Amino acid sequence: MDTQSYLPVEPGVGMEENFLSLDDILLSHERLPIRTECRFPRLGYLERSTDAQDIPEGTKMELPLWLSKGLYEKKRRVLSVELPKVYREGWRTVFNADPNVVDLHKMGPYYYGLGSQMLHFDSPENPEIAQTLLQTFVGRFRRNMDSSQNAYNEDTSALVERLDSTCTLK
Amino acid sequence: MDPSEVEFLAEKEMVKIIPNFSLDKIYLIGGDLGPFNPGLPVDVPVWLALNLKQRQKCRIVPPAWMDVEKLEEMRELERKEDTFSPVPSPYYMELTKVLLNHASDNIPKADEIRTLVKDIWDTRIAKLRLSADSFISQLEAHAKLDNLTLMEINTIRAFLLDSLNCMYKLRSNLQPGSSKKQFTDY
C-alpha cells in the first residue's frame, strides 16, 4: 500500500491522447516520415540535409508526431504523412504470422501508442493497421502473462528488452 | 491487493486448539471466545491460535481437510476436471502455509501435505492461466469462473485488468468516427 502525493496521468484511450500524460508526451516525440505539399518559407533550418533558405514543395523529411498532427489537414494542403516501416504491409504480415518473436522495443518503444496515433492520418490501410495492433497484443499476451507471474531464477533483461513500453509498465 | 492482505483476511478463519492454560470467556468486538480450560478443545481465530502457539500456550489441531488422503482425492479431482472444483476452505493456501510454518509439530505428515497443497495450487493456477489466455485470444466479452479463492484471483487481477484496459484502447481504434474529443478537467 503506497501513498503518492502525485498521481500519474495515464495515456489516452485509442486515438485520443491525454494532454498531461507523460507517456503520451514522450510518444509524440517519435518522428514520422512526411512529404510537404506546400512551400515552407524561411524554415530551411528544420531540414538539415540541404542548406536552402526555405523548404520547397514535395520534400521528404521527418517531423515529430506532435507537429505532424497539428499541421495535418484532410484537404492535404500542408503535408501528407507516410506510414513508418513497422506499420506497412511487409511488417504487418510478420506480425500476423507470429507476434511473439518480434523485438518491439527496437521498433520504436511505443509501437501500440504510435500505431493508434497513425490512424489520425487517414491512410487507406487504417482498418488493417488497427486490426494488426490488436492481434499483435493478443498474441503476445500469453508470454507476457507467464513472464510477469513467475520469477525467473536468471537474468530477465533479454526478455524485457524485447517488450514495448506499454508492456514494461506491468 | 497484496498477498499479505489476503493472508490477513485468512487469519479470521476459525481453527481448533487445545490450550494448556485456563481463562474465562473473553468478550471481543468480533465475538466471544469461549472459556479456555487446559486439555479441552476450543475454537479460536487463526491469529489468536498462532499467537498462543508462539507463546507455547496451546496445541493446534489440524483442520479436517488437512489430511493426506483427503488432499490426494482433491488433487485427483482437480486434475481430472476442466473446471475448478470446490475447495476445502476458501483460504486453503494461506492456512496451509501459516499452520505448517508455525505448528508443523502438531500436524502429522506435514511435508506431504505441503506437497499436495502445492500440487492442487499449481493445477488451479494453470487452469486459471489457460482460461485467461482463451478469454483474451478469443476476444470474449465476459466469462464466469466458479470456486476460485481470493488468493488465486489476486495473482491474476492486476495483469488481467491492465491487459483488458490496453485491449479496450486498441479495440476502440477499430471503430472510426466514434472518437469525439473529450476534454477532461484535471
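For clarity, every value in this text was computed on a predicted model and none was experimentally measured. (Residues numbered from 1 in each chain as written. Chains lettered and ligands numbered in written order. Predicted model: local features only at pLDDT ≥ 70, side-chain atom pairs only at ≥ 80, totals over all residues. Heavy atoms only, no water.)

Colleague: Help me out: how do you make sense of the environment of Glu47 of chain A in this one?
Modeller: Residues and elements named next belong to chain A. Tracing the chain through its elements places Glu47 in the loop between strand S1 (31–36) and strand S2 (60–64). Residue Glu47 is classed as buried on the basis of its relative accessible area, which comes to 10%. In this structure Glu47 touches Ile55, Thr59, Lys60 and Met61, once residues within four positions along its chain are discounted. (Helix = DSSP H or I, 4+ residues; strand = E, 2+ residues; numbered from the N terminus. Buried < 20%, exposed > 50% of the residue type's maximum accessible area, 1.4 Å probe, protein only. Contact = heavy atoms within 4.5 Å.)

Colleague: What's the story with the UniProt feature "domain: DNA replication complex GINS protein PSF2 N-terminal" (unreviewed entry) in chain B in this structure? I'm lost.
Modeller: Cross-referencing UniProt, the feature "domain: DNA replication complex GINS protein PSF2 N-terminal" (unreviewed entry) maps to residues 2–61 of chain B in the present numbering. Annotated as 28% helix and 33% strand, the span residues 2–61 of chain B places its first and last C-alpha atoms 28 Å apart. (UniProt positions renumbered as here; feature names shortened; annotations may be inferred.)

Colleague: Honestly, the side chain of Ser21 of chain A in this entry has me stumped. Any pointers?
Modeller: Tracing the backbone through its elements, the reader meets Ser21 of chain A in the segment before helix H1 (22–27). The contacts of Ser21 of chain A, once residues within four sequence positions are left out, are Val9, Glu10 and Pro11 of chain A.

Colleague: What exactly am I supposed to notice about the UniProt feature "domain: GINS subunit" (unreviewed entry) in chain B here?
Modeller: Annotation from UniProt places "domain: GINS subunit" (unreviewed entry) at residues 65–167 of chain B. The span residues 65–167 of chain B shows a helical share of 68% and a strand share of 0%, and its end C-alpha atoms are spaced 41 Å apart.

Colleague: What should I look at first to understand the sheet that holds strand S1 (residues 14–19) of chain B in this one?
Modeller: Remark on secondary structure: sheet strands pair via backbone hydrogen bonds, oriented parallel or antiparallel. Residue and element names in this part refer to chain B. Taken together, 3 strands build an open sheet; the order of strands is S4-S1-S5 and the sheet is antiparallel. Since the sheet does not close on itself, it has two edges, and those belong to strand S4 (42–45) and strand S5 (58–61), each with one partner. Within the sheet, the average angular offset between the axes of one strand and its neighbour, ignoring direction, is 45 degrees. Most of the contacts of helix H2 (residues 46–54) go to S4, to which it runs at about 105 degrees, and overall it touches S1, S4 and S5. (Pairing = 2+ DSSP bridges. Axes fitted to C-alpha atoms, helices over the stretch in contact; angles between N-to-C directions.)

Colleague: Help me understand the pattern of salt bridges in this model?
Modeller: All names here are of chain B. One pass over the structure, following the stated rule, counts 17 salt bridges over all chains. Residue Lys97 pairs with Glu7 through a salt bridge whose shortest N-O separation is 3.1 Å. Here Lys97 is found in helix H4 (residues 92–102), whereas its partner Glu7 is found in helix H1 (residues 3–10), with 90 residues between them in sequence. The exposure class of Glu7 is partly exposed, given its relative accessible area of 23%. Across the salt bridge formed by Asp122 and Lys118, the nearest N and O atoms sit 3.1 Å from each other. One end of the pair is Asp122 and the other is Lys118, both in helix H5 (residues 110–137) and 4 residues apart, which spans about a single turn. A relative accessible area of 36% places Asp122 in the partly exposed class. One salt-bridge network, in which partners are shared between bridges, spans Arg75, Glu76, Arg79 and Asp119. (Salt bridge = Lys/Arg side-chain N within 4 Å of Asp/Glu carboxyl O.)

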